[in-house]
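Results of the structural survey
Take a look at the letters that make up each chain.
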Amino acid sequence: TNSAGDEMRRAQATWAAVSVRSRLQIIRCFRHLLAAQADSVAIAAVGAGQRPAAEVLTAEIIPLADAGRFLERAAEQLLAPRRVRRRGRPLWLDGVTSAVHREPFGLVLVIAPSNYPLFLPGVQVLQALVAGNAVLLKPGPGGTGAARELVRLLNAAGLPAALLRVLPELPEAAQAAIRAGVDKVFFTGSASTGSKILAQLAPLAI
């Protein structure tokens, strides 16, 4: 709903003012919780494919924890302001200084696939949050359990609840979110579905 979107945007504005280092402390805590509760998370995240929990552990939980560890090591440097080098500039720009500043998009929509329902959207969610965004997560078919586990662990790690919301699995949920207004969409899935999403987004880019 629009009221929920407004709440998320207010929370995102506050979150964007939090230092990257402080955001990463939450990611670190999340990673530790994920490791400590790996067995129960694997069972909850089995999903529609009914894969063995051991497969979820090796194919999703361990890689997701590793993705969190990568952010802990690299995100602060990747997101830091970067001064543009003077080398190679034309003479008439001599003396001009410039820098690239990374700014969050705002409200990000992650449309997840049905396979790897924890790892694939989980990496995108972690990266979006660390960059200062709020996230709407639309699970693929059978992926709600994995999505809720992701939210539960992040909230337990200290993430403000208003920054991450799980949508229903139906495609209409993503369509409604786009109509309500999002600032960035991440989609993992088939080319045909991607084309439909792009067709909905294209008029909004004008």
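Structural data are supplied above this passage.
This report concerns the structure included in the present document. (Residues numbered from 1 in each chain as written. Predicted model: local features only at pLDDT ≥ 70, side-chain atom pairs only at ≥ 80, totals over all residues. Heavy atoms only, no water.)

**Concerning the sheet that holds strand β5 (residues 164–166)**
For clarity, the threshold we go by: In short, DSSP must find at least two bridges between two strands for them to pair. Helix and strand definitions follow DSSP, with helices as H or I runs of at least four residues and strands as E runs of at least two, each counted in order from the N terminus. Here the axes come from fitting lines to C-alpha atoms, over the contacting stretch only for helices, and the angles between their N-to-C directions go from 0 to 180 degrees. Contact between two residues is taken to exist if any of their heavy atoms lie within 4.5 Å; hydrogens are not considered.
Pairing within the open sheet is parallel, and its four strands lie in the order β5-β4-β3-β6. For this open sheet the edge positions go to β5 and β6 (184–187), each flanked by a neighbour on one side alone. Shown here is a sheet whose adjacent strand axes are inclined to one another by a mean of 20°, direction ignored. Bridge count between strand β3 (residues 107–111) and strand β4 (residues 134–138): five bridges; the pairing is parallel. For leucine 109, the partnering residue across the bridge sits in β4 and is leucine 136. Of the strands in this sheet, β3, β4 and β6 touch helix α7 (residues 171–180), which is tilted by about 160° from β3. In the packing of helix α8 (residues 191–201) onto the sheet, the strands contacted are β3 and β6, and the crossing angle to β6 comes to about 170°.

**Focus on α7**
To keep things clear, this is the line we draw: In this scheme, a residue with accessible area under 20% of its type's maximum is buried, one over 50% is exposed, and one in between is partly exposed, where area comes from a 1.4 Å probe on protein chains only. It is the directions from the helix axis to the C-beta atoms whose arc is reported.
The complete set of buried residues in α7 reads Ala173, Ala174, Ala177 and Ile178. Seen along its axis, α7 keeps its buried residues to an arc of 135°; they face one direction. Positive phi shows up at glycine 181, right after α7, with a value of about 115°.

**Here we look at the packing of helix α2 (residues 20–36) against helix α6 (residues 144–156)**
Selection rule: When an angle is under 35 degrees it counts as roughly parallel; over 145 it counts as roughly antiparallel; between 65 and 115 it counts as roughly perpendicular; any other value is oblique. We call a crossing left-handed when the near helix sits turned anticlockwise from the far one by less than a right angle, and right-handed when that turn is clockwise. In the scheme used here, Gly and all other residues not listed as nonpolar or charged are polar, with Ala, Val, Leu, Ile, Met, Phe, Trp, Tyr, Cys and Pro taken as nonpolar and Asp, Glu, Lys and Arg as charged.
Interhelical geometry of α2 versus α6 gives an angle of 125° and a closest axis separation of 8 Å. Taken as axis vectors, α2 and α6 run oblique relative to one another. Crossing hand, α2 versus α6: right-handed. Residues Ile26, Ile27, Phe30, Leu33 and Leu34 of α2 lie in contact with α6, whose contacting residues are Leu150, Leu153, Leu154 and Ala156. Looking at the contact of α2 with α6, its residues break down into nine nonpolar, no polar and no charged.

**Observations concerning the pattern of salt bridges**
The following threshold applies: One speaks of a salt bridge when a side-chain nitrogen belonging to Lys or Arg is within 4 Å of a carboxyl oxygen belonging to Asp or Glu.
Throughout the structure, instances matching the rule amount to seven salt bridges. The residue glutamate 76 makes a salt bridge to arginine 21 at a minimum N-O spacing of 3.1 Å. Of the two residues, glutamate 76 sits in helix α4 (residues 53–79) while arginine 21 sits in helix α2, which places them 55 residues apart along the sequence. On the basis of relative accessibility, which here comes to 52%, the residue arginine 21 falls in the exposed class. Arginine 51 is the salt-bridge partner of glutamate 60, the closest N and O atoms lying 2.2 Å from each other. You can call glutamate 60 buried: its relative accessible area is 0%. One salt-bridge network, in which partners are shared between bridges, spans Arg28, Arg31, Arg69 and Glu72.

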